[in-house]
Amino acid sequence: MAHTSSSAGSATVWHPTKRLLSLLAIGVLIHSVFATLLTLSVDEAHYAYYAVRLDWSYFDHPPLVGWIQWPLIALHAPDAVVRLIPQALWLIACLLARKLAMDFNGMIPGWSDRPNAKEVAGLWAVALVLCAPLMHVLAVGLLPDTLLMVLTLLIMQSTFALCTLPTERQRSSTLRWIALGGLLGLAGLSKYTAIIPALAVIIILLFARGIRLLTTIGPWLALLVALLVVAPVFIWNAEHDWVSFVYQLKHGAGGSWQIRRLAAFIGIQLVAYGPLLAVGTYLCLRDIIQQKKWLIASFTLFFILPFGVTAALSGGGSLPHWTAPAWLAIVPFAANAIGAQ
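The rules behind each value
Residues numbered from 1 in each chain as written. Predicted model: local features only at pLDDT ≥ 70, side-chain atom pairs only at ≥ 80, totals over all residues. Heavy atoms only, no water. Salt bridge = Lys/Arg side-chain N within 4 Å of Asp/Glu carboxyl O. Helix = DSSP H or I, 4+ residues; strand = E, 2+ residues; numbered from the N terminus. Buried < 20%, exposed > 50% of the residue type's maximum accessible area, 1.4 Å probe, protein only. Contact = heavy atoms within 4.5 Å. Phe/Tyr/Trp six-rings, centres within 6.5 Å; stacked < 30°, edge-to-face > 60°. pLDDT = per-residue confidence, 0-100.

Any chance you could explain the pattern of salt bridges here in plain terms?
Two side chains with opposite charge may pair up if their charged atoms get near one another. Within the structure shown, the criterion is met by four salt bridges. Across the salt bridge formed by K191 and D145, the nearest N and O atoms sit 2.5 Å from each other. Taken as a pair, K191 in the loop between α11 (174–190) and α12 (195–209) and D145 in helix α9 (residues 144–163) lie far apart in primary sequence, 46 residues in all. When sorted by exposure, K191 lands in the same class as D145, which is buried.

If you want it as structure tokens, here you go:
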């Protein structure tokens with residue numbers, strides 16, 4: 001994806017927009033074919049039933065995955081039409097990963113040294129998502145993880161904006177804090193594991209702005225908004241003996257811990273998300289540590305924390321798609337590292 005020259009020595013016209021549209025078109029084509037040919041999976045049917053029986057929450061997951069399908073399910077839309085939702089979310093995730101890759105480009109010396117470095121990083125971000133097989137599964141079948149993938153990137157973008165906001169504008173950032181709280185609340189309505197990226201947000205903001213941040217109204221306003229948005233989950237559970245939380249604690253713990261399950265987890269992750277993304281992850285972490293750029297390093301917690309927790313639990317059993325939001329969070333970093341090679 002590097003800049004090229006003609007045989008006559010003059011530079012050729014480089015069209016990043018055309019390349020971007022080509023990559024996205026490949027993904028759309030793949031998803032359209034599978035969405036049309038395949039019947040609903042067990043998980044898809046399960047979450048579609050949420051839309052048939054609307055409620056404040058459900059036994060095994062929060063309600064957003066059902067709520068977002070409700071208009072189409074209520075209209076008795078064909079499966080292929082309902083599947084337009086995860087396909088649209090995949091496209092949004094690609095564009096958000098591209099935007100973050102371009103935003104992060106200047107944060108590490110060496111990432112932005114080459115011509116068109118930002119555009120190259122953005123294209124690599126889309127390419128890495130395209131090369132991750134399991135991302136396509138979530139782009140065809142709507143699961144809570146499909147929603148959390150997009151929301152994780154939006155939370156990263158919102159947190160990055162708050163961290164890099166000029167000092168003179170920090171006091172007038174009320175709307176940014178409200179937006180962050182709303183995104184965190186929506187993540188909580190998507191999946192219970194959203195508590196992990198929320199923890200990353202807290203660590204990053206305290207690192208970037210210091211403990212004095214807690215003396216300002218912004219973080220508390222974000223917390224209030226997040227709690228209001230996610231309140232339906234707590235109301236439903238309070239009426240049902242907190243059954244979801246008890247179930248999730250037992251489900252997350254899995255069975256007896258075995259080292260072979262951890263080894264299998266690592267192998268499956270490499271296949272499910274592609275070795276190229278794994279290589280890019282190594283390269284970006286290497287670059288960040290070598291350059292000692294700790295602010296941008298803190299944003300890798302959106303990958304390290306959920307992936308680490310899932311890996312630790314994998315000895316007792318885990319599913320490959322649980323780490324999808326974590327892998328998507330590292331894509332902007334990996335794209336920059338690969339693009340700089």
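Help me understand the environment of M135, please; the structure alone is not making it clear to me.
Inspection of the secondary structure assignment puts M135 in helix α8 (residues 133–140). Sequence separation of M135 and P325 is 190 residues, and the distance between their C-alpha atoms is 9.6 Å. With near-sequence residues (within four places) excluded, M135 lies in contact with W90, V129, M149, Y273, A324, W327 and L328.

It is not clear to me how the packing of aromatic side chains should be interpreted in this structure. Could you clarify?
Enumeration over the complete set of coordinates arrives at 16 aromatic pairs. Taken together, a centroid distance of 5.6 Å and an interplanar angle of 75° make the contact between F160 and F299 edge-to-face. Separated by 139 residues along the polypeptide, F160 in helix α9 and F299 in the loop between α17 (294–298) and α18 (301–314) bring together distant segments of the chain. Each member of the pair F160 and F299 is classed as buried. Put simply, the rings of F104, F160, F299, F302 and F333 touch in pairs and so form one group of aromatic residues.

Before we go on, may I ask you to explain the confidence of the model for the chain in this structure?
Summary statistics for the chain give a mean pLDDT of 91 and a share of 91% for residues scoring 70 or more. Contacts of residues 3–11 to residues separated by more than four positions or lying in other chains number ten contacts, the stretch itself having pLDDT below 50.

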